[in-house]
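Overview (structure and organization)
The chain contents come next:
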Amino acid sequence: MNKCLILACCCVGLSVQAQTKKVDFIQSKRENKVEVMVGGKLFTSFIFPDNLEKPVLYPINAANGATVTRGFPLAPRDGERNDHPHHIGLWLNYESVNGLDFWNNSYNIPAANKVKYGWIRDTKVESTENGKTSGKLSYSSNWENQAKQVLLKEKTTFIFSGADNSRTIDRTTTLTAQKDSVFFKDIKDGMLGIRVTKELEMPSDKVEEFTDSQGNITKVSASGNGANGSYLTSAGKTGNDAWGTRGNWCVLAGVKDGQPISIAIVDHPENPGYPTYWHARDYGLFAANPLGQKIFSNGKETLDFKLAPGQSVTFRYRIIITSGEKVTPEVLNQQALTFSK
């Protein structure tokens with residue numbers, strides 16, 4: 001049995017025949033977009049339009065068709081939060097790279113302040129490979145300052161696969177320092193992030209403001225907008241207790257449209273800072289930050305990761321979206337073991 005079929009079987013334990021899904025790519029150079037089709041249905045799109053400060057996967061759909069990412073700011077939906085406009089789909093960047101903030105850059109930053117922020121630009125799709133059980137998309141990008149000086153060259157490969165009740169993304173990103181050394185300060189906002197649909201937010205009794213697609217503002221409690229999600233880590237931390245703790249996987253699970261739905265992120269043993277810290281917020285930001293150790297450990301640990309000119313670092317993550325059934329810790333432990341090999 002090949003590796004792709006093993007991956008599919010591990011997701012939910014059904015038969016090989018039921019799990020095998022064809023993966024195809026539909027590329028639009030005019031829109032700077034590549035649609036990822038699994039079993040003939042849209043899984044996600046890799047988008048890198050000129051008006052975004054980074055390339056992202058957006059939206060992301062579960063196998064049952066439910067969208068697991070937030071719509072705002074690209075396609076706002078009624079009743080969802082409109083904070084943090086830099087939280088779009090699934091992305092990878094960092095808050096402090098040689099002092100430049102790549103994480104928080106968005107259209108909301110005043111022009112006079114943009115010099116403090118970094119862009120991931122000049123994105124090029126290098127190749128796409130359709131497949132009967134998985135598909136591969138590779139791209140390159142530059143991590144730049146406002147003057148378009150390149151700090152890091154990025155090379156990323158996605159492996160997309162699908163099963164009857166699951167969708168999987170394996171992301172491998174290599175960053176190579178260019179003319180100067182690159183310093184990743186220990187800081188809170190990083191590195192692999194996803195902003196989720198309102199149903200996967202955690203319930204809260206705090207009053208929040210929500211804006212509909214026409215700009216109308218309604219004040220409702222977070223628990224009144226359908227939020228029912230909760231975190232669980234490999235170390236057994238749940239809910240808000242997951243934030244700032246380590247684990248080789250973390251899952252955010254809830255119910256949408258009457259069906260169980262979950263998003264799991266699996267860390268890789270070869271990543272710096274393994275096992276990662278979880279920057280997992282109740283309002284729907286779900287992120288793995290292996291480099292913010294001083295922040296999350298309250299000063300007990302320090303990493304301050306550096307790359308010399310020409311030196312590279314690679315980050316590997318597996319993202320598993322499950323629908324129609326509850327994902328179990330046993331399955332995620334097996335996924336982590338399989339991914340580690």
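This is a predicted model, so every value here is computed, not measured. (Residues numbered from 1 in each chain as written. Predicted model: local features only at pLDDT ≥ 70, side-chain atom pairs only at ≥ 80, totals over all residues. Heavy atoms only, no water.)

With that out of the way, let us pick up the pairing of strand β3 (residues 41-47). On any regular strand, side chains alternate: one points to one face of the sheet, the next to the other face. Of all seven residues that make up β3, five are buried, and the element is covered over most of its length. As judged from the six bridges shared by strand β2 (residues 33-38) and β3, these two strands associate in the antiparallel manner. Paired with V38 across the strands is K41, a residue of β3. (Buried < 20%, exposed > 50% of the residue type's maximum accessible area, 1.4 Å probe, protein only. Helix = DSSP H or I, 4+ residues; strand = E, 2+ residues; numbered from the N terminus. Pairing = 2+ DSSP bridges.)

The subject of this paragraph is the sheet that holds strand β9 (residues 166-177). Two pairing modes exist for strands in a sheet, parallel and antiparallel, and in both the strands are linked by backbone hydrogen bonds. Sheet architecture is open: eight strands sit in the order β6-β7-β8-β9-β20-β16-β15-β14, paired in antiparallel fashion. With partners counted over all chains shown, the strands left at the sheet margins are β6 (119-129) and β14 (230-233), one partner each. Across the sheet, the mean angle from the axis of one strand to that of its neighbour is 20°, orientation sign disregarded. In terms of strand pairing, strand β7 (residues 135-144) meets strand β8 (residues 150-163) through ten bridges, oriented antiparallel. Residue pairing for β8: E144 is matched across the bridge by V150. Strand contacts of helix α4 (residues 329-340): β9, β14, β15 (249-256), β16 (259-266) and β20 (312-323), with the helix running at about 150° to β20, the strand carrying the most contacts. (Axes fitted to C-alpha atoms, helices over the stretch in contact; angles between N-to-C directions. Contact = heavy atoms within 4.5 Å.)

The subject of this paragraph is the packing of aromatic side chains. The full count for this structure, using the stated rule, is 15 aromatic pairs. Arranged with centres 5.3 Å apart and planes meeting at 65°, the rings of Y231 and F286 form a pair that is edge-to-face. Here Y231, found in strand β14, pairs with F286, found in strand β18 (residues 285-289); they are 55 residues apart in sequence, far enough to count as distant. A relative accessible area of 2% means that Y231 is categorised as buried. Taking the relative accessible area as the measure of exposure, F286 reaches 0% and is therefore buried. Aromatic rings pair up to connect F25, F43, F46, F48, Y139, F158 and F160 into one cluster. (Phe/Tyr/Trp six-rings, centres within 6.5 Å; stacked < 30°, edge-to-face > 60°.)

Tracing the chain through its elements places R318 in strand β20. Looking at R318, the relative accessible area reads 2%, which means it is buried. Polar contacts involving the side chain of R318 include one to the side chain of D170, which spans 2.7 Å. A polar contact is formed between the side chain of R318 and the side chain of Q335, at a distance of 2.8 Å. (Polar contact = N/O pair within 3.5 Å; in protein donor to acceptor, adjacent residues only side chain to side chain.)

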